[in-house]
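Each chain, letter by letter, is given below.
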Amino acid sequence: MKKTTILFYLGSSALLFLFQYIYQYFGHGVYSTSLTYVWLIPLIGSGLLATLAKITPAYTTRLVRNLGNSALAIFVSWAILNGILEIAGSDYLTAYLYAGVACTILSCAAYIRHQLA
């Protein structure tokens, strides 16, 4: 994984931490678990993606890399929207969660297919 990619994920984690801190500051004492820990998604996810890139060359295929990054983006947007809706006292978003799981499964399937080929 490139140095700029790692810096991008660290920067996005820092901005998400700042976002959730400011949003919950104005939440009048109401907190959301998914919004509190949203900054961990790109941090842990990029760590997993970087580990995959070091362990195996199959991760360097464009399809696997794009699907992995898409899954991270979907999970982050799900956590943000779910946290906002929890603070507002509204419903739970499952469509984003299903889309994130689908991208993760497709990424794993493309990785396995590339390994077997």
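What counts, and where the lines are drawn
- Residues numbered from 1 in each chain as written.
- Predicted model: local features only at pLDDT ≥ 70, side-chain atom pairs only at ≥ 80, totals over all residues.
- Heavy atoms only, no water.
- Helix = DSSP H or I, 4+ residues; strand = E, 2+ residues; numbered from the N terminus.
- Expected span 1.5 Å × (residues − 1).
- Buried < 20%, exposed > 50% of the residue type's maximum accessible area, 1.4 Å probe, protein only.
- Arc of directions from axis to C-beta.
- Contact = heavy atoms within 4.5 Å.
- Axes fitted to C-alpha atoms, helices over the stretch in contact; angles between N-to-C directions.
- Parallel < 35°, antiparallel > 145°, perpendicular 65-115°, else oblique.
- Left-handed = near helix turned anticlockwise from the far one by under 90°.
- Nonpolar A, V, L, I, M, F, W, Y, C, P; charged D, E, K, R; others polar.

> Is there a simple way to explain helix α3 (residues 40–55) in this structure?
Since the α-helix turns once every 3.6 residues, residues separated by three or four places project in the same direction. For α3, built from 16 residues, the straight-helix expectation of 22 Å at 1.5 Å per residue is met to within 8% by its first-to-last C-alpha distance of 22 Å. The complete set of buried residues in α3 reads Pro42, Gly45, Ser46, Leu49, Ala50 and Ala53. Viewed end-on, α3 has its buried residues packed into an arc of 140 degrees, placing them on one side of the element. When the buried face of α3 is taken as reference, the exposed residues oriented beyond 90 degrees from it are Ile44, Leu48, Lys54 and Ile55. As for α3, its buried residues are in contact with α1 (3–25) and α4 (62–88).

> Which parts of the structure should I look at to understand the packing of α1 against α3?
When two helices pack together, you describe them by how their axes are tilted relative to each other and by the distance separating the axes. It is at 9 Å that the axes of α1 and α3 come closest, and there the two elements cross at 165 degrees. On the basis of their axis angle, the class for α1 and α3 is roughly antiparallel. In this structure, α1 meets α3 at a crossing whose hand is left-handed. Between α1, through Tyr9, Leu10, Ser12, Ser13 and Leu16, and α3, the contact on the second element is made entirely by Pro42, Leu43, Ser46 and Leu49.

> Help me out: how do you make sense of the packing of α4 against helix α5 (residues 95–116) in this one?
Their axes nearest at 8 Å, the elements α4 and α5 cross at an angle of 165 degrees. Overall, the two elements α4 and α5 adopt an arrangement that is roughly antiparallel. Read as a crossing pair, α4 and α5 show a hand that is left-handed. On the side of α4, the interface is formed by Leu63, Val64, Leu67, Gly68, Ser70, Ala71, Ile74, Phe75, Ser77, Trp78 and Leu81, while α5 contributes Tyr96, Leu97, Ala99, Gly100, Val101, Cys103, Thr104, Leu106, Ser107, Ala110 and Tyr111. Residue classes in the contact of α4 with α5 are distributed as 16 nonpolar, 6 polar and no charged.

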